[in-house]
Amino acid sequence: GNVRDPYTEMARLRREEGIQRIDMSVMPGEEGKPLFIVYRHEDIAAMLRDNETFSSAIVIQAFGEVLGKRVMLGMDEPEHGRHRALVSKAFSQKALARWEENLVGRVGNELIDGFVRDGRVDLVKDFTFPYPTRIIAGLLGLPEEDYPQFQRWSISLLSFTINPERGKAASKALEEYFAPILAARRADPQDDLISSLAAAEIDGEKLDDDEIFSFLRLLLPAGVETTYRSLGNLLLGLLTHPDQLDAVRADRSLIPQAIEEAVRWEAPLLTITRVAAHDTVLAGVEIPAGSSVMPMLGAANRQDDRYADPDNFDIFRQARTPISWGHGAHVCLGM
């Protein structure tokens, strides 16, 4: 379909097929195995709950060279649960409240101060992309003079699928950059995310250096890319619906539901990938072991038996958590 509107074709596939089988797979699943794309919310939720059948290991197969072989996104249970519990300790409510006050608002205001006098701005270039990059650099306790280089590495890492060599070079550079910082934080902990990750412990077990490097690399595509896309989509929705923008200006308690609606309306990732660990059947469709299975989150978010007028941006619609955040064990840590 038209790249500017993938949703019309997704709606047709959701209605007519539900699960689409493609026999020429370009995904990194087993060679010669078909690819399956899943379009309906109920089928996507069922497969994402069943992480024994639909394994995340394909993420390491696809992105291990750049994110690392111990990246949490590509782990299955129980290994994933252990890592998730350790990493979650660094994202406590207390830490989030402190970051909101000391970092999130400050960086937002500094960026806005840089363009507010001009009277016009390209929000993506001057706000929504640098914003999460600077937030994450701040969370990690990186020196401010390193922010531009950190942003360049972020862009290179995100371009891995288009330019693998550039992505791999950025991955290596990031590890070399973080290694002395991590060693310093182990010796002398600071009030930052790297220190929290180094200190996190469950049943006497801590994360080793490779696991921490993998998580730090994951923060860039997972934290920067999805956030800048989501924020851009939210601003587009509000700026093209001035009545809703006025409502949010007048009542800041509407912000959470505005964010949820933006994430539903335009998912920052239209699809994610799993691999069938064994022969299985989903919604009556036989799926052979080793096949790539892609839940089409963008299609499920506009399913008309779940959302009235699903193509419309409406922050006042009945609250329902969109599948954009994922589902099951791997539900988004940044949620």
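Note that this is a predicted model, so its numbers are computed, not measured. (Residues numbered from 1 in each chain as written. Predicted model: local features only at pLDDT ≥ 70, side-chain atom pairs only at ≥ 80, totals over all residues. Heavy atoms only, no water.)

## Observations concerning the overall build of the protein chain
On a plain count of helices and strands, the protein chain comes out with 14 helices and 9 strands. Against the globule reference of 20 Å for 335 residues, the protein chain gives a C-alpha radius of gyration of 21 Å, in line with a compact fold. Its C-alpha atoms put the protein chain at 55 × 50 × 40 Å along the principal axes. Considering the protein chain as a whole, with its 335 residues, one finds that 47% of them fall into the buried category. Contacts spanning at least 24 positions in sequence make up 65% of the contacts within the protein chain whose residues lie at least 6 apart. By element, 52% of the accessible surface of the protein chain is carried by carbon and sulfur atoms, the whole surface being about 17,100 Å². (Helix = DSSP H or I, 4+ residues; strand = E, 2+ residues; numbered from the N terminus. Rg over C-alpha atoms; globule rule 2.2 N^0.38 Å. Buried < 20%, exposed > 50% of the residue type's maximum accessible area, 1.4 Å probe, protein only. Contact = heavy atoms within 4.5 Å. Areas by Shrake-Rupley, 256 points an atom, 1.4 Å probe, with all protein chains shown as cover.)

## So, the pairing of strand β9 (residues 292-295)
The two faces of β9 match: S292 and M294 on one face and V293 and P295 on the other face are all buried. For strand β2 (residues 35-38) and β9, the ladder comprises 4 bridges, and the chain directions are parallel. Among the inter-strand pairings, L35 is bridged to a residue of β9, identified as S292. Sheet topology note: the strand β6 (residues 274-276)/β9 ladder contains 2 bridges and is antiparallel. Along β9, the bridge assignment pairs R274 with V293. (Pairing = 2+ DSSP bridges.)

## Quick notes on the confidence of the model for the protein chain
The predicted model of the protein chain has a mean per-residue pLDDT of 89, with 97% of residues at 70 or higher. When mean pLDDT is taken per element in the protein chain, helix α12 (residues 242-250) scores highest with 98 and strand β4 (residues 201-202) scores lowest with 76. (pLDDT = per-residue confidence, 0-100.)

## Points about helix α13 (residues 255-265)
Of the residues making up α13, those classed as buried are A258, E261, A262, V263, R264 and W265. Those residues of α13 that are buried are in contact with α1 (7-16), α11 (209-239) and α12.

## Describing helix α8 (residues 147-158)
Taking 1.5 Å per residue as the helical rise, α8 with its 12 residues ought to reach 16 Å, and the 16 Å between its terminal C-alpha atoms agrees with that figure. Within the sequence span of α8, burial applies to Y147, F150, W153, S154, S156 and L157. Buried residues along α8 sit in contact with α3 (57-67), α7 (130-139), α9 (164-187) and α11. (Expected span 1.5 Å × (residues − 1).)

## Observations regarding the pattern of salt bridges
One pass over the structure, following the stated rule, counts 24 salt bridges. When the shortest N-O distance is used, the salt bridge between E110 and R134 registers 2.6 Å. Of the two residues, E110 sits in helix α5 (residues 93-115) while R134 sits in helix α7, which places them 24 residues apart along the sequence. D126 serves as the salt-bridge partner of K125, at 3.6 Å between the closest nitrogen and oxygen. (Salt bridge = Lys/Arg side-chain N within 4 Å of Asp/Glu carboxyl O.)

## Regarding the environment of E65
One can find E65 in helix α3. Taking the C-alpha atoms as reference points, E65 and A308, separated by 243 residues in sequence, lie 42 Å from one another. Not counting the four nearest positions on each side in its chain, E65 is found in contact with F160, K168 and S171. A distance of 3.3 Å separates the side chain of E65 from the side chain of K168, its partner in a polar contact. (Polar contact = N/O pair within 3.5 Å; in protein donor to acceptor, adjacent residues only side chain to side chain.)

## Observations concerning the side chain of R217
Turning to its location among the elements, R217 is positioned in helix α11. Those residues in contact with R217 that lie beyond four places of it in its chain are V66, L67, G68, L157, S171 and E175.

## What about the packing of aromatic side chains?
Under the defined criterion, the tally for this structure stands at 8 aromatic pairs. Taking 4.9 Å as the distance between ring centres and 80 degrees as the angle between the ring planes, the aromatic pair formed by F129 and Y228 counts as edge-to-face. With F129 in the loop between α6 (123-128) and α7 and Y228 in helix α11, this pair connects stretches of sequence that are 99 residues apart. The exposure class assigned to Y228 is partly exposed, which follows from its relative accessible area of 23%. Among the aromatic residues, those joined into a ring-pair cluster are F150, W153, Y177 and F178. (Phe/Tyr/Trp six-rings, centres within 6.5 Å; stacked < 30°, edge-to-face > 60°.)

## Quick look at the nonpolar core
Ranked by internal contacts, the top residues of the largest apolar core, which has 61 residues, are L140, L142, F150, F178, L193, L197 and L216. A per-element tally of this core places α11 first, with 11 residues. For F150, the residues in contact, after removing those within four places along its chain, are T133, I136, A137, L140, L142, L174, F178 and L220. Among the nonpolar cores identified, the runner-up in size contains 15 residues, and F36, A276, V293 and L297 belong to it. (Core = buried A, V, L, I, M, F, W, Y, C linked by side-chain atoms within 4.5 Å.)

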